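Inside the fold
Below, each chain spelled out in residue letters.
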Amino acid sequence: MNWFRTQSHGLIWLIVAFAIISCSEDKVGELPADVGLKDYYAPEFLIGAALNRRQITGESTEQMDLIAREYNSYTAENDMKSMHIHPSRDEYNFDVPDKLFELAEKNGAKVHGHTLIWHSQLSRFIREIEDPDEMRQTLTDHINTIAGRYAGRIDSWDVVNEAVEGDGSLRESVFYKVLGEDYLTLAFDLAAAADPTADLYYNDYSMTGEAKRNGVIRMVKKIQENGAKIDGIGMQAHWHLETPTLEEIETSILEYAALGVKIAITELDIDVLPNPRNVSGADIGQRAELSDEINPYKEGLPESVNEALARRYEDIFRLFKKHEDLISRVTFWGVNDGNSWKNNFPVRGRTNYPLLFDRNNKPKKAYHQVLQVKSGV
Ligand code: G3I
């Protein structure tokens, strides 16, 4: 058995090595059929993607091969959030999440669950709870039912999402208002009891800002001191061409990892458009009006910007590779530029180019640069 494992592992590496050698820049559109980012980065970390409903159910026929080839960790972009999976007290919708597991199992990919406790896209009945006992019971039912259903099949969960504000204080979500900060430890305890094998993460955006970083570190230490199991911190990477700096990203990875937890780079995309009102992160309250001035690439991405995007992706993957021992997974927030939420945030209706695949599912220069970090070609 061990002999067989060693041999098949060796064979996969032979294929990957061959792919690396034969993949020069002008051939990036013709990659070997079954080898993708997930294979190149297999020694370092998982390569994930958020999948929308059409992708999960296989309706996006033109993307299914790409998804199978490139990623070995899938996250539902929306369908496992409470408003979809648990819309009212006695109603759970598992159809689409179940399909996500079927797809992942068919493709040999893992599933990362997003998300058990989040103030946004929250079912109305939870949003309206005022009584602490009712809230505790509801969180217990919610986590037991959802995490319990996928126990043993899921790799990891975002147990709590976006609980910290930019200044480092705890967000005054309905959970905080009704239960105080105890809801954080409760959520991790419930998730660990419902599924002792899944890795449990705290996930948030703007994680490179100093004040927020200190707040997250304070919060995670408290959860640890309370004896709860917390395995990782997810740094949502809704970043821009110039910001955050590599130094800020690296400092944050190191400081979070010093808590003794794994680091996942989650929700990676790089916004190439002008940034009205200097929006960072993913605070959906920060919207701006559409105008031609802030939507300059409607007809296509100029080569200079395409190259800047490729360099930015190369730089951040070099950094991720440098810290491969700390990083468990890098997940892109979407598959191709056309699917990305960044076409609608912080301005609705723009044409953005934040991912590695274009609107026709062709790999962009950025894809090649990310491969180059591994291959040196
Ligand atoms: O499902 C409806 C559809 O029926 C309707 O026709 C359509 C019209 O606009 O809207 C659809 O719902 C949209 C939904 O995405 C599914 O596409 C919502 O309007 C839209 O607000 C929602 O946006 C999602 C956003 O979370 C909501 O907060 C994005 O797709 C999703 O990428 C985004 O993901 C979040 C992470 O969960 C947490 N971190 C930040 C990240 C970006 O905001």
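Predicted, not measured: the structure shown is a model, and the values here were computed from it. By convention here, each chain's residues receive numbers from 1 onward along its written sequence. For this predicted model, a pLDDT threshold of at least 70 governs which residues receive local features, and a threshold of 80 or more governs which side-chain atom pairs are given and counted, while totals over whole chains, interfaces and linings are taken from all residues. Excluding hydrogens and water, the side-chain values take into account all heavy atoms of the structure.

1. Re the confidence of the model for the chain
A score from 0 to 100, pLDDT tells how confident the predictor is in each residue. Within the chain, residue pLDDT values average 92, and 90% of them lie at 70 or more. Ignoring residues within four places in sequence, the model shows residues 1-6, a span with pLDDT below 50, making zero contacts including any to other chains. Only heavy atoms enter the contact rule, under which two residues are in contact if any of them lie within 4.5 Å. Ignoring residues within four places in sequence, the model shows residues 23-28, a span with pLDDT below 50, making 12 contacts including any to other chains.

2. Some details on the side chain of Asn203
Secondary structure elements follow DSSP: runs of H or I of four or more residues count as helices, runs of E of two or more count as strands, with numbering from the N terminus. Within the fold, Asn203 resides in strand β5 (residues 199-204). The classification of residues rests on relative accessible area computed with a 1.4 Å probe and restricted to protein chains. Under 20% of the type maximum is buried, over 50% is exposed, and intermediate values are partly exposed. Note on Asn203: relative accessible area 0%, which makes it buried. Pairs of N or O atoms are called polar contacts if they sit within 3.5 Å, as long as, within protein, a hydrogen donor faces a hydrogen acceptor (for residues adjacent in sequence, only side-chain-to-side-chain pairs). A distance of 2.9 Å separates a polar atom in the side chain of Asn203 from a polar atom in the side chain of Asn161. Ignoring sequence-local partners within four residues, the contact set of Asn203 consists of His114, Asp158, Val160, Asn161, Glu162, Gly234, Met235, Gln236, Thr266 and Glu267.

3. Notes on the nonpolar core
Across soluble globular proteins, nonpolar side chains show a tendency to be buried alongside one another. The nonpolar core is taken to be a set of buried Ala, Val, Leu, Ile, Met, Phe, Trp, Tyr and Cys residues, with the residues joined through side-chain atoms within 4.5 Å. With 105 residues, the main nonpolar core has Trp157, Val160, Leu268, Tyr313, Phe317, Phe320 and Phe332 as its most contacted residues. Aside from chain neighbours lying at most four places away, what touches Leu268 is Ala237, Trp239, Tyr313, Ile316, Phe317, Phe320, Val330, Thr331, Phe332, Trp333 and Leu355. Formed by seven residues, the second largest nonpolar core is a distinct cluster that contains Ala50, Val279, Trp333 and Phe345.

4. Some points on the site of the ligand
Think of it this way: one heavy atom of a residue within 4 Å of a molecule or strand is enough to make that residue near it. Contacts to the ligand come from 14 residues, most closely from Glu77, Lys81, His114, Glu162 and Glu267. Contact between the ligand and Lys81: an oxygen atom at 2.6 Å from a side-chain N or O atom of the residue. Note that an oxygen atom of the ligand is positioned 2.7 Å from one of the side-chain N or O atoms of His114. Residue exposure ignores everything except the shown protein chains as possible cover, and the areas themselves are Shrake-Rupley values with a 1.4 Å probe. When the free accessible area of the ligand is taken as 780 Å², the share hidden by the protein chains comes to 53%. Elements with a contribution of two residues or more to the shell around the ligand: β3 (110-118) and β6 (232-240).

5. Focus on the packing of helix α11 (residues 210-225) against helix α12 (residues 246-257)
Relative orientation of the contacting elements α11 and α12 amounts to 10 degrees, with a least axis distance of 11 Å. One way to sum up the angle between α11 and α12 is to call them roughly parallel. Contacts between α11 and α12 involve Arg213, Asn214, Val216 and Ile217 from the first element and Glu248, Thr251, Ser252, Glu255 and Tyr256 from the second. In terms of residue class, the contact of α11 with α12 is built from three nonpolar, three polar and three charged. Helix axes use the C-alpha atoms of the stretch in contact, all axes being lines fitted to C-alpha atoms, and the angles between their N-to-C directions lie in the range 0 to 180 degrees. In these notes the angle categories are as follows: under 35 degrees is roughly parallel, over 145 is roughly antiparallel, 65 to 115 is roughly perpendicular, and the rest is oblique. Under the scheme applied here, ten amino acids are nonpolar (Ala, Val, Leu, Ile, Met, Phe, Trp, Tyr, Cys and Pro), four are charged (Asp, Glu, Lys and Arg), and all others, including Gly, are polar.

6. Remarks on the pairing of β6
In terms of residue burial, β6 counts as a mostly covered element, since nine of its nine residues are buried. Here a strand pair is declared whenever DSSP counts at least two bridges between the two strands. Strand direction decides the pairing type here: β5 and β6, joined by four bridges, are parallel. Paired with Tyr202 across the bridge in β6 is Ile233. Look down the strands so they point away from you; if the path from the first strand over the helix to the second goes clockwise, the crossover is right-handed. In the classification by handedness, the crossover that spans β5, the intervening α11 and the parallel β6 is right-handed. Pairing of β6 with strand β7 (residues 262-271), which is carried by eight bridges, proceeds in the parallel orientation. When the sheet's bridge partners are listed, His240 is paired in β7 with Asp271. Between the parallel pair β6 and β7, the chain is carried across by α12, and the sense of this crossover is right-handed.

7. A short note on the sheet that holds strand β4 (residues 156-161)
Spatially, β1-β2-β3-β4-β5-β6-β7-β8 is the arrangement adopted by the eight strands of the closed barrel, whose pairing is parallel. Between one strand axis and the next, the sheet turns by 30 degrees as a mean value, whatever way the strands run. Sitting on the sheet, helix α8 (residues 132-149) is in contact with β3 and β4, with an inclination near 170 degrees to β3.

8. Quick look at helix α14 (residues 365-375)
Summarising burial for α14: eight of the 11 residues are buried, a large majority. Among the residues making up α14, those that are buried are Ala366, Tyr367, His368, Gln369, Val370, Leu371, Val373 and Lys374. Each element contacted by the buried residues of α14 is listed here: α2 (37-40), α4 (64-70) and α13 (303-322).

9. Focus: the environment of Ala147
Tracing the backbone through its elements, the reader meets Ala147 in helix α8. Separated by 11 residues in sequence, Ala147 and Asp158 have C-alpha atoms that sit 11 Å apart. Among all residues touching Ala147, those that are not within four sequence positions of it are Leu116, Trp157, Ala194 and Asp195.

10. Re a negative patch on the surface
Among the surface-exposed residues, Glu165, Asp167, Glu172 and Asp283 lie close enough to one another that they form a single negatively charged patch. With respect to the helices, strands and loops of the structure, Asp167 is situated in the loop between β4 and α9 (174-179). The residues that make up patches have over 30% relative accessible area and no salt bridge, and they are joined within 9 Å when like-charged or within 5 Å when they are Val, Leu, Ile, Met, Phe, Trp or Tyr. What counts as a salt bridge is simple: a side-chain nitrogen of Lys or Arg found within 4 Å of a carboxyl oxygen of Asp or Glu. Neither His nor the chain ends is counted toward charge; the positive residues are Lys and Arg and the negative residues Asp and Glu. Charge positions are represented by NZ for Lys, CZ for Arg, CG for Asp and CD for Glu.

11. As for the pattern of salt bridges
Scanning all chains against the criterion turns up 24 salt bridges. Of the charged contacts in the structure, one is a salt bridge between Asp199 and Lys262, with a shortest N-O distance of 2.6 Å. Here Asp199 is found in strand β5, whereas its partner Lys262 is found in strand β7, with 63 residues between them in sequence. When the shortest N-O distance is used, the salt bridge between Asp337 and Lys364 registers 2.7 Å. With a gap of 27 residues between them, Asp337 in the loop between β8 (327-332) and α14 and Lys364 in the loop between β8 and α14 connect regions that are remote in the sequence.

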